[in-house]
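Inside the fold
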2 protein chains.
Amino acid sequence: MKAGPSQEEIRRHNLGTLLRHVHLGGSTSRAVLADRMGLNRSTILGLVSELSSAGLIREELPQDTGRAGRPSLVVRPESDRVYVLAFDVGVDRLAAARIGLGGVFLGRRETPWPRGGFDSGEVADVLAGFARQLMDTARDGTLCVGLGAAVRGLVRRSDGVVRSAAHIGWKEEEFGEDLTRRLGLGLPVSVENEANLGAVAEHLRGAGTGCQDLLYLHGDIGIGGGIIAGGQLLGGDGGYGGEIGHMVVNPRGGRPCGCGARGCLESEAGERALLQAARRDPSATGRDAVRAVVEAADRGDISARAALHDVGDWLGIAVGGLVNILNPRTVIFGGTLREVFLGSAAQIRSRINSHALGAAREHLRLRVGELGDDAVLVGAAELAFSEILVGPLETLARTGA
Amino acid sequence: MKAGPSQEEIRRHNLGTLLRHVHLGGSTSRAVLADRMGLNRSTILGLVSELSSAGLIREELPQDTGRAGRPSLVVRPESDRVYVLAFDVGVDRLAAARIGLGGVFLGRRETPWPRGGFDSGEVADVLAGFARQLMDTARDGTLCVGLGAAVRGLVRRSDGVVRSAAHIGWKEEEFGEDLTRRLGLGLPVSVENEANLGAVAEHLRGAGTGCQDLLYLHGDIGIGGGIIAGGQLLGGDGGYGGEIGHMVVNPRGGRPCGCGARGCLESEAGERALLQAARRDPSATGRDAVRAVVEAADRGDISARAALHDVGDWLGIAVGGLVNILNPRTVIFGGTLREVFLGSAAQIRSRINSHALGAAREHLRLRVGELGDDAVLVGAAELAFSEILVGPLETLARTGA
């Protein structure tokens, strides 16, 4: 319990808050900012001037307002000038993006990669190559202010070590350090679990905007989860929270899971379980395979329907339990769970209704992700922006602007 | 996202923070307060003077310091003068306590009550009677600054309505309003779920002190839960979070639960399940009955051992899943789960080890509650103190001091 902030800390906080409003809300008039922040106009003017001089925002005439009279200026983020690099280590795909302040994609590179084919250093080499290509396309005077990366595994928050990532065969890989060193930008890379970042992205820019308590489920070959509780990402003691895929749903008689346990949500309702139940090749995972099952079910294929029914059951049981534990307002199905949800929503809802307590589910909304496959990269970018949104001028000073 | 605080808000924050240090930490020297709050000594002196004048703290010579030389003064809470009333609506017991600033029990009243025998208004009558008796024992010049109550059910945070409380037969009872009206003290009663308050109590004053991420499981006739995540009670959207007893652990083949579902942790591992598995009368619940099973198991009673083994299994499976979801540092077993844990710790641990991910459980500590049956009342008192610890002088002004 620390004392209240000094005048200087308050100014820093206000600069960060204004920048965050513009970063998340896009072009905003000074009057609206004054209203939202509860500050008077002259204070806002001072903050805007300071952030403008630093090259983080600019004021300009709004695009056609549709109203008569002289329009007032709007404040907008300098998206072309100030950016971050976001990285995504997928199960069979590596991706990087240059994302400008305001969340604008300025460039993107990606490549398939053989699952489990590279160690952390080799992945960092590929991603650092992408980063150089992306930065080469940036014009002079632009500035990289942060670096964020997503990995499908358990990431120690303090140092970016990937403790384990079964689907890509990693264990105790110093990925944060590897990527930081290879990028050589004088900035550390923040590393997070992919579903946690998906949760952050949908919370700030997607299906969970304005919602302070949400649960995000991300399906690819595994099932990941991210929890926003009271507006904050729930990390837990070491940053490993949100591993919903390894919630036990079928402890007696469940299938063996890659984690060593039996009957995890992932082993009962992941892509492999779905494909197997639908009598398809369980190793041919991916969006197309999942979509094919949903489409077959729509056409009346008995195995596909039974598979979606089963998987919907397990998802509903898990979400029902999580609703009792976390009382979220919104549950968002992302990655390939988007397709699964669309194909088994009725089953999922019915299970939630029978397993979740009435009061805990009365305002519950089930949604599919709005950011699609970009959710993870968007979340990695938000992680990378987090520092400049706390202390804009200090971060610029550190990054050498 | 609001702007930073004004000078006045900072002073208010600092007064609250100092009072909180003294409330939770007991007698503390000004030098230590300055150090912990990161403020200089003259600022601390000003804050101490203001809180002393308001009658919230006082400075005095410490009890024997064991050191030579003139001891410095310590700041201590005015526990005799400033108090709250805490209420606990148990399953078969009603209790009230007068608890002084600093967490000191100044008086207590309790009575057994027939389970499901009274509605909300009748319970409020009994508790209001206790309150009058407790306040009659307070000397002149003392001041009640808050009211908090615990109920074993789902409580809507916004207005204290008990949405459902199966074990006492309540549904949509306006208990917060009922008790507030009958007390007639001009202060609203804050109502919370009992296990959430147990979690708060163990976090602030018990087995979870200093731990920012913990899980508290409370056993009586049901199983309640409370989650502290990042130092805050996880309430969720409506305040119903933490219902760990209704996490589904045995969806196929589980017993019917009072909530309408099957295979909840409560139906598999609650007191009734334990007694039934141990071939005892499942309706004779309570601490003595649970303790008798543990003692019988110690003496080699086969049914009792099998019962503890089973219940330990379900508890371990549930906690293993929760460790993956929440990554707590500490899991605390309170209420009659304290006895159950002591009798089945090995089984619980073994299940956690097989179901929780390595990284998520590596620093995990399993503990029994330190506050015993007082946990819920202590938590209700902390809820009642929360307002004065945020704005000490404003709260005093409102309560008419």
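Residues numbered from 1 in each chain as written. Chains lettered and ligands numbered in written order. Predicted model: local features only at pLDDT ≥ 70, side-chain atom pairs only at ≥ 80, totals over all residues. Heavy atoms only, no water.

Digging into the nonpolar core
Side chains that are nonpolar tend, in soluble globular proteins, to be buried together. Counting 98 residues, the largest nonpolar core has A:Leu217, A:Leu265, A:Leu315, B:Leu217, B:Leu265 and B:Leu315 as its most contacted members. Not counting residues within four places of it along the chain, the set of residues in contact with B:Leu315 comprises B:Leu217, B:Ile223, B:Leu265, B:Ala269, B:Leu337, B:Val340 and B:Ile348. (Core = buried A, V, L, I, M, F, W, Y, C linked by side-chain atoms within 4.5 Å. Buried < 20%, exposed > 50% of the residue type's maximum accessible area, 1.4 Å probe, protein only. Contact = heavy atoms within 4.5 Å.)

Remarks on the interface of chain B and chain A
Listed by partner, the interface residues are 59 residues for chain B and 59 residues for chain A. Summing both partners gives a buried area of about 4900 Å² for chain B against chain A, and 61% of it is carried by carbon and sulfur. Across the salt bridge formed by B:Glu362 and A:Arg163, the nearest N and O atoms sit 2.5 Å from each other. In terms of residues, the side of chain B that touches chain A owes the most to one element, helix α10 (residues 302–326) of chain B, which gives 8 residues. Residue composition of the side of chain B that touches chain A, grouped by class: 26 nonpolar, 20 polar and 13 charged. (Buried area = accessible area lost by both parts, 1.4 Å probe. Salt bridge = Lys/Arg side-chain N within 4 Å of Asp/Glu carboxyl O. Helix = DSSP H or I, 4+ residues; strand = E, 2+ residues; numbered from the N terminus. Nonpolar A, V, L, I, M, F, W, Y, C, P; charged D, E, K, R; others polar.)

A short note on the relation of the copies chain B and chain A
Look at the two chain copies: a rotation about an axis and a shift along it is all it takes to match them. Relative to chain A, chain B is turned by 180° and slid 0.0 Å along the rotation axis, the superposed coordinates differing by an RMSD of 0.0 Å. Overall, the copies show the geometry of a two-fold rotation axis. (Least-squares fit on C-alpha atoms with pLDDT ≥ 70 in both.)

Brief notes about the packing of aromatic side chains
According to the stated counting rule, one finds 6 aromatic pairs over all chains in the structure shown. Positioned over the ring face of A:Tyr83 is A:Arg98, at 4.6 Å from the centre of the ring. (Phe/Tyr/Trp six-rings, centres within 6.5 Å; stacked < 30°, edge-to-face > 60°. Lys NZ or Arg CZ within 6 Å of the ring centre and 35° of its normal.)

A word on the sheet that holds strand β10 (residues 170–173) of chain B
Residue and element names in this part refer to chain B. Within the open sheet, the 3 strands sit side by side as β8-β9-β10. Their pairing is antiparallel. Because the sheet does not close on itself, it has two edges, and the strands there are β8 (154–155) and β10. Here β8 runs beside strand β9 (residues 162–165); their pairing, made up of 2 bridges, is antiparallel. Bridging across to β9, Val155 finds its partner in Val162. (Pairing = 2+ DSSP bridges.)

A look at the side chain of A:Asn327
By secondary structure assignment, the location of A:Asn327 is in the loop between α10 (302–326) and β15 (330–335). For A:Asn327, a relative accessible area of 2% gives the class buried. Reaching out from A:Asn327, the side chain makes a polar contact with the backbone nitrogen of B:Gly238 at a distance of 2.8 Å. Beyond its immediate sequence surroundings of up to four residues, A:Asn327 is in contact with A:Asp213, A:Leu322, A:Ala360, B:Gly235, B:Gly236, B:Asp237, B:Gly238, B:Gly239, B:Tyr240 and B:Gly241. (Polar contact = N/O pair within 3.5 Å; in protein donor to acceptor, adjacent residues only side chain to side chain.)

Some details on the state of the cysteines
Residues and elements named next belong to chain B. Scanning the entire structure with this criterion turns up 0 disulfides over all chains. In this structure Cys259 is not part of a disulfide, and its nearest cysteine sulfur, from Cys264, lies 3.7 Å away. A relative accessible area of 30% means that Cys259 is categorised as partly exposed. (Disulfide = S-S within 2.5 Å.)

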